[in-house]
Amino acid sequence: MSYEEEYKKSIEDPAGFWSEKAEALDWYKKTDNVLSTDDDGIYHWFSDWELNTSYMALDYHVKNGRGDQAALIYDSPVTDTKKTYTYNELLAEVEKTAGMIASLGIAKGDTVVIYMPMIPQAAIAMLACARIGAIHSVVFGGFASAELAVRIDDAKPKLILSASCGIEITKVIDYKVLLDKAIDLAKHKVGNCVIYQREQFKADLIDGRDLDWQGLLASATPHEPVPVKGIDPLYILYTSGTTGKPKGVVRENGGHAVAMKYSMNAVYDTDPGEVYFAASDVGWVVGHSYIVYGPLLQGCTTIFYEGKPIMTPDAGAFWRVISEHKVKTLFTAPTAYRAIKKEDPDGELTKKYDLSSLVNVFSAGERLDAYTYQWINDVLGVPVVDNWWQTETGWAIASNLIGIEVMETKPGSATMPSPGFAIEILDDEGNRLENDEGNIAIKLPLPPSCLATIWGDTQRFVDGYLSDFPGYYTSGDGGYFDEDGYLFVMGRTDDVINVAGHRLSTGEIEECISSHPDIAECAVIGSHDDLKGQIPVGFIVLKANSDKDDETISKELVSLVRDKIGPIVCYKDSHLVKRLPKTRSGKILRKTIKAIVDGNSYTVPATIDDPTSLDEIKDVLA
Ligand code: COA
Ligand code: AMP
């Protein structure tokens with residue numbers, strides 16, 4: 001079937017299309033109810049079908065002869081460790097870990113927070129929760145205690161699974177100290193914490209609350225998969241919105257499994273038995289979808305990499321992994337390719353390795369700029385596919401659907417909408433635009449796997465995503481279709497920024513900075529950065545009675561942001577100004593500030609209160 005035929009079918013008959021795709025999975029129960037709406041008018045896929053995602057990802061493959069095939073290869077240059085888990089072995093670990101969690105009173109529908117580094121136990125913990133029908137919420141290790149505390153208060157876990165430490169390039173991060181502080185900060189009282197003690201650093205356990213993972217696991221009884229409904233949540237994953245409070249994206253079991261399985265062929269053209277390497281972290285959506293669930297639901301071998309694209313030990317790190325484990329598909333963020341390009345501009349290190357297994361390279365997380373696209377193409381000599389997606393969707397909204405039909409690539413474009421995504425470009429009043437830039441909106445129903453709600457706050461889901469343009473999901477991204485129907489995603493239309501593929505809210509950074517006792521107000525914008533895509537830059541107004549100098553306040557703000565949100569924000573630049581450029585109604589002119597910082601042209605908004613405030617921005621940057 002051509003892409004056009006496949007796409008048309010998915011839009012004209014969504015229920016028929018996706019029920020056909022659902023046949024590829026081993027359900028406990030199927031019904032005629034493929035697409036339904038709830039009392040709030042929100043769509044759900046496969047609501048009363050029954051499945052277990054962990055069963056589909058593990059037991060099914062063992063039953064079908066893949067038991068001895070590698071399921072997960074842990075490759076950790078930071079600890080000099082490599083370990084392969086076959087499907088038999090991974091299943092055995094997950095069964096016991098599920099038993100361990102169940103023995104602590106965790107059952108279907110309970111929430112479990114997972115705060116772990118990139119060790120196999122993180123994936124095992126996710127699959128173990130899925131096995132007993134518990135809802136996991138993985139929190140990225142680069143977030144500080146206060147961020148973890150916010151997520152604990154929102155997800156209200158009965159149990160936290162964590163590890164003694166994470167390993168960054170040159171340092172050991174004491175996860176337990178971060179976890180203890182988060183638990184102190186949180187209002188919600190957690191039952192137990194199970195801590196995986198790593199060799200590199202052993203944590204002190206708190207009596208009566210903390211339990212030793214390895215000790216508990218040794219006596220755990222393997223647990224059978226528990227059937228859940230399609231509509232039952234598999235996980236909550238928090239992502240940044242425009243306010244300081246992160247949004248808990250809820251992913252349901254049924255639609256997620258169908259979309260993951262489908263995308264492994266349609267988007268990634270990767271078959272069972274092939275090796276898939278998503279260089280990300282389980283704390284992000286790419287990690288959920290394409291380090292853990294997608295490749296395992298497809299019966300692939302997934303690479304679980306604990307390292308960086310550079311410095312572990314050099315910019316040939318990914319090429320080593322590809323050659324050693326015969327990777328067919330590589331998927332990472334543009335920032336990782338740019339980091340490699342910076343260290344090894346001519347791709348000399350690719351020549352050290354046999355990369356003949358590599359067939360396709362994928363990029364997502366931020367716009368793949370034309371230079372980076374060309375560079376990957378030149379040094380690797382394989383097709384490069386840009387995917388546009390969001391935590392909310394869980395899989396690519398647009399891509400070159402190479403598993404259906406290979407289309408010509410246009411650098412800078414994410415190519416065409418994926419089946420099921422009825423993308424339209426709308427102006428601010430909701431009128432449809434042709435070949436013009438505007439808000440990228442998706443006509444409802446969204447295809448399977450897309451968020452079903454915001455955890456505990458359906459109104460926030462409706463207000464944040466479904467109200468701007470009735471009948472559509474608002475993506476928060478702006479862009480356009482060219483005359484050939486290629487989609488160009490140009491960037492966020494809201495206050496979300498993207499730092500090294502990490503999604504952050506400038507509103508949240510502003511809230512954090514404003515909590516400093518010397519700060520009257522501030523504006524944070526995402527300024528262009530050649531390596532990380534964007535980095536946050538703050539413009540700060542001090543309180544009249546503050547006697548702090550620039551250097552002192554800048555240092556204090558750097559540590560405040562690291563301490564409250566986390567080091568991944570990479571907040572380093574603060575500029576002190578007397579006032580912020582605002583409209584007469586008091587709205588800060590962030591877009592204009594950003595244009596000045598990036599050296600782009602801009603027109604002074606007619607509504608500006610005091611045009612000389614822009615001169616001050618230029619002066620502090622000079
Ligand atoms: N746990 C604890 N700290 C973490 C962390 C984790 N899991 N991940 C990052 N950090 C810390 C780093 O140690 C660093 O701290 P520092 O300021 O004290 O040095 C800070 O957060 C910033 O880290 P990072 O964004 O990784 O920047 P970097 O300069 O160390 O590395 C890149 C730059 C481009 C190599 C790196 O950002 C990268 O690999 N990016 C790929 C992005 C990606 O996979 N995104 C996922 C979405 S697809
Ligand atoms: P996240 O939810 O962390 O995956 O971030 C989603 C946001 O990243 C999107 O809303 C986009 O702004 C940006 N993004 C992700 N992939 C792409 C892409 N291929 N092209 C352009 N922007 C992208």
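From a predicted model like this one, the values you see are computed outputs, not experimental measurements. (Residues numbered from 1 in each chain as written. Chains lettered and ligands numbered in written order. Predicted model: local features only at pLDDT ≥ 70, side-chain atom pairs only at ≥ 80, totals over all residues. Heavy atoms only, no water.)

1. Some points on the site of ligand 1
Defined as follows: Nearness is judged by heavy atoms alone; a residue qualifies as near a molecule or strand once a single heavy atom is within 4 Å of it. For this analysis, a polar contact is any N or O atom pair within 3.5 Å, provided that within protein one partner can donate a hydrogen and the other can accept it, and provided that sequence-adjacent residues contribute only side-chain to side-chain pairs. Here the open area of atoms and residues is found with the Shrake-Rupley method and a 1.4 Å probe, where only the protein chains shown may cover a residue. Polar here means any residue outside two lists: the nonpolar Ala, Val, Leu, Ile, Met, Phe, Trp, Tyr, Cys and Pro, and the charged Asp, Glu, Lys and Arg; Gly therefore counts as polar. Segment limits for the domains were obtained from an automatic or database-derived domain assignment.
Near ligand 1 there are 23 residues, and of these Glu-168, Lys-171, Lys-308, Lys-532 and Arg-562 occur at the shortest range. Note that a nitrogen atom of ligand 1 is positioned 3.4 Å from one of the backbone N or O atoms of Gly-141. Within the contact set of ligand 1, an oxygen atom lies 2.6 Å away from a side-chain nitrogen or oxygen of Lys-308. Protein coverage of the free-state accessible area of ligand 1, which is 940 Å², stands at 83%. Partitioned by chemical class, the residues of the shell around ligand 1 number 12 nonpolar, six polar and five charged. Split by domain, the residues of the shell around ligand 1 number at least three in each of domain 1 (3-307 + 387-479) and domain 2 (495-621).

2. Overview of the domain arrangement of the protein
Note the threshold: Contact between two residues is taken to exist if any of their heavy atoms lie within 4.5 Å; hydrogens are not considered. Here, a salt bridge means any side-chain nitrogen of Lys or Arg that lies within 4 Å of a carboxyl oxygen of Asp or Glu.
According to the domain assignment, the protein contains domain 1 (3-307 + 387-479) and domain 2 (495-621). In this structure, domain 1 and domain 2 have C-alpha centres spaced 33 Å apart. In this assembly, 19 residues from domain 1 lie in contact with 16 residues from domain 2. Inspection of the domain 1/domain 2 interface yields two salt bridges. Glu-392 is the partner of Arg-503 in a salt bridge, and the nearest nitrogen-oxygen pair spans 2.8 Å.

3. So, the sheet that holds strand β5 (residues 81-86)
Which entries qualify depends on this criterion: Pairing between strands is defined by DSSP: at least two bridges between the two strands are required. A run of H or I in DSSP becomes a helix once it reaches four residues, and a run of E becomes a strand once it reaches two; helices and strands are each numbered from the N terminus. Axis angles are defined between N-to-C directions and span 0 to 180 degrees, where every axis is a line fitted to C-alpha atoms and, for a helix, only to the segment in contact.
Taken in spatial order, the seven strands line up as β5-β4-β17-β16-β18-β19-β20 in an open sheet, and their pairing is mixed. Single-partner strands in this sheet number two, and they are β5 and β20 (384-386). For this sheet, the mean angle separating the axes of adjacent strands, direction not counted, is 20°. In terms of strand pairing, strand β16 (residues 275-278) meets strand β17 (residues 301-305) through two bridges, oriented parallel. Bridge pairing in β17 places Val-275 opposite Thr-301. Packing of helix α12 (residues 334-343) onto the sheet brings it into contact with β18 (329-332) and β19 (360-363), and relative to β18 it is tilted by some 100°.

4. Remarks on the sheet that holds strand β26 (residues 487-492)
Pairing within the open sheet is antiparallel, and its four strands lie in the order β23-β24-β25-β26. Strands with a single pairing partner mark the edges of an open sheet, and in this sheet they are β23 (422-426) and β26. Going from strand to strand, the sheet's axes swing by 50° on average, the running direction of each strand aside.

5. With respect to the site of ligand 2
Taken together, 15 residues sit near ligand 2, with Asn-387, Thr-391, Asp-477, Arg-492 and Arg-503 positioned nearest. At a separation of 2.5 Å, a nitrogen atom of ligand 2 approaches a polar backbone atom of Asn-387. One of the side-chain nitrogen or oxygen atoms of Asn-498 is found 3.3 Å away from an oxygen atom of ligand 2. Alone, ligand 2 offers 490 Å² of accessible surface; in the complex the protein occludes 93% of this. Looking at the shell around ligand 2 residue by residue, the classes come out as four nonpolar, five polar and six charged.

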